[in-house]
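Overview (structure and organization)
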Amino acid sequence: MSAPQPPMGLLAELSHRCPLACPYCSNPLELERPRGELTAEEWLRVIDEAAELGVLQIHFSGGEPTLRRDLEQLIARAREQEVYSNLITAGVLLDRARIDALAAAGLEHVQLSIQDSRAASADTIGGYKGGHARKLEVARMVRAAGLPLTINAVVHRQNLDHLEEIVELAVELDAVRLEVAHTQYYGWAYANRAALMPSREQVEHANAVVAAAKERLKGVLTIDYVVPDYYAKRPKACMGGWGRQFLNVTPTGKVLPCHAAESITDMTFETVRERPLAAIWEDGPAFERFRGTAWMPEPCRSCERREIDFGGCRCQAFALTGDAAATDPACGKSPEHASMVGLAETESAADTRDFVYRTMGRKERAGRVD
Ligand code: SF4
Ligand code: FES
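Residues numbered from 1 in each chain as written. Chains lettered and ligands numbered in written order. Predicted model: local features only at pLDDT ≥ 70, side-chain atom pairs only at ≥ 80, totals over all residues. Heavy atoms only, no water.

1. Things to note about helix α5 (residues 131–144)
- Helix length check: α5, at 14 residues, gives a terminal C-alpha distance of 20 Å against a target of 20 Å (1.5 Å per residue), a fit within 8%.
- Within α5, the full set of buried residues consists of G131, H132, K135, L136, V138, A139, M141 and V142.
- The inward-facing, buried residues of α5 abut α3 (96–105), β4 (109–114), α4 (119–126), β5 (149–155) and α6 (163–172).
- One or two residues past the end of α5 sits G146, with phi positive at roughly 85°. (Helix = DSSP H or I, 4+ residues; strand = E, 2+ residues; numbered from the N terminus. Expected span 1.5 Å × (residues − 1). Buried < 20%, exposed > 50% of the residue type's maximum accessible area, 1.4 Å probe, protein only. Contact = heavy atoms within 4.5 Å.)

2. Focus: the site of ligand 1
- Neighbouring ligand 1 are the residues R234, P235, P299, C300, C303, R305, R306, D309, G311, T327, C331 and K333.
- When grouped by side-chain class, the residues that make up the shell around ligand 1 number 5 nonpolar, 2 polar and 5 charged. (Near = heavy atom within 4 Å. Nonpolar A, V, L, I, M, F, W, Y, C, P; charged D, E, K, R; others polar.)

3. What about α4?
- Within the span of α4, buried status applies to S121, A122, D123, I125 and G126.
- Of the surrounding secondary structure, the elements contacted by the buried residues of α4 are α5.

4. Topic: the packing of aromatic side chains
- By the definition in use, this model includes 5 aromatic pairs.
- A centroid spacing of 5.3 Å and a plane angle of 85° characterise the contact between W242 and F290, whose relative ring orientation is edge-to-face. Taken together, the residues span a long stretch of sequence, with W242 in the loop between β7 (222–226) and β8 (246–249) and F290 in the loop between α11 (285–289) and α12 (314–321) at a distance of 48 residues. Taken individually, W242 and F290 each receive the classification buried, so the pair is uniform in this respect.
- A network of ring pairs unites the aromatic residues W242, F290 and W295 as a single cluster.
- Cation over ring: R193 sits above Y190, and NZ or CZ is 3.8 Å from the ring centre.
- A cation over a ring is seen here: R291 above W281, with NZ or CZ 4.9 Å from the ring centre. (Phe/Tyr/Trp six-rings, centres within 6.5 Å; stacked < 30°, edge-to-face > 60°. Lys NZ or Arg CZ within 6 Å of the ring centre and 35° of its normal.)

5. Things to note about the sheet that holds strand β2 (residues 57–61)
- Taken together, 9 strands build an open sheet; the order of strands is β7-β6-β5-β4-β3-β2-β1-β8-β9 and the sheet is mixed. Strands with a single pairing partner mark the edges of an open sheet, and in this sheet they are β7 and β9 (255–256).
- Here 5 bridges tie strand β6 (residues 177–182) to β7, and the two strands are oriented parallel to one another. Opposite V180, over in β7, you have Y225 as the bridge partner. (Pairing = 2+ DSSP bridges.)

6. Observations regarding the pattern of salt bridges
- For the coordinates displayed, the defined rule picks out 27 salt bridges.
- In this structure, E32 engages K254 in a salt bridge whose closest nitrogen and oxygen atoms are separated by 3.6 Å. Highlighted residues: E32 in the loop between β1 (9–13) and α1 (40–53) and K254 in the loop between β8 and β9, separated in sequence by 222 residues.
- Classification of E32 by relative accessible area gives buried; the value is 7%.
- Here D229 makes a salt bridge to K236, at a shortest N to O gap of 3.1 Å.
- Each member of the salt-bridge network shares a partner with another, and the members are R17, E37, R68 and D70. (Salt bridge = Lys/Arg side-chain N within 4 Å of Asp/Glu carboxyl O.)

7. Looking at the packing of α6 against helix α9 (residues 200–216)
- Close contact between α6 and α9 brings their axes to 10 Å; oriented N to C, the two are set at 30°. Classified by the angle their axes make, α6 and α9 are roughly parallel. Seen from above, α6 lies across α9 with right-handed handedness. Facing α6, whose interface residues are L163, E164, V167 and E168, α9 presents H205, A206, V209, V210, A213 and R216.
- Residue composition of the contact of α6 with α9, grouped by class: 6 nonpolar, 1 polar and 3 charged. (Axes fitted to C-alpha atoms, helices over the stretch in contact; angles between N-to-C directions. Parallel < 35°, antiparallel > 145°, perpendicular 65-115°, else oblique. Left-handed = near helix turned anticlockwise from the far one by under 90°.)

8. Regarding the side chain of D309
- Summarising the element assignment, D309 is placed in the loop between α11 and α12.
- A residue is classified by how much of its surface remains accessible, and D309, at 7% relative accessible area, is buried.
- Excluding anything up to four places from it in sequence, D309 contacts P235, K236, A237 and C238.

Structure follows, in structure tokens:
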């Protein structure tokens, strides 16, 4: 088999520690402990190897990446290697001095998460009192420092009815882009689906709000929309196809084809401590397992969309069927599709706001960083 094209982007999860505790976090249920985190030296090598492999963008993420005091050093190395750097942050730990230091190191873009447009609800969802107000201040500091800003809003039953306000807030904060991402149900979100699953009506309303806002705000705000596929007929091309465009390095150095790949509990992953990034990308078993189309079962194998959506999402297929190689049940051709829609309808009718908060223990979440 010929070598795969180089990946476009690398998601560098610097730490799973985080002051927030969002119930849809894409980090694994078993969070990685601080003592195993890659050192600054190891991350610098990963950045060098990523640049050599042809990666164009590094997204510094977590958990909360600003908990790492060596973040400036890592961003500076990305700049030296001419790799675009983006910071994905909950924002609450930032102040103007740190933002200026990150910008001086070469940071090119900030992506700030919000949990809702309304403070009380946002703070409940994020499990962090005062977080929303702090995020608004930080968004203004980011713009004052001259950095472009994306607002990232994960949406679900508890905040979807405020979507118009979320759009207005992004405009007010002078964001260049708003990412509205429907919760993807694996890992923490799967555990919380009774509290998070939206109704079909909410999803249809959200689709209309986004379509209208995109039209109205042309030239003012770009809106990226990660569609919900529980009520759709065809799945999304998750990750642009497994092992095609992206790779993810976890705090302890595991190299994943997708940020949620560890939710597929029957897979193992190599680490950057064992083999160079390029070798893992090119022929690592986890990448090879679902790359291309040869692995596909029917109905995907003979479907005309197999090179368009690559059979949908492997993590969702595993969460819902126990088989990561199954056709994504979001697809109408999957034998599991009707039961998935039924499950979504039942869960969306559940009258609960009780979250299982993501946690590794408050002490560690708020812990110091080296
Ligand atoms: Fe996509 Fe497979 Fe469904 Fe075809 S059968 S639309 S390839 S998920
Ligand atoms: Fe992992 Fe879709 S989230 S492949």
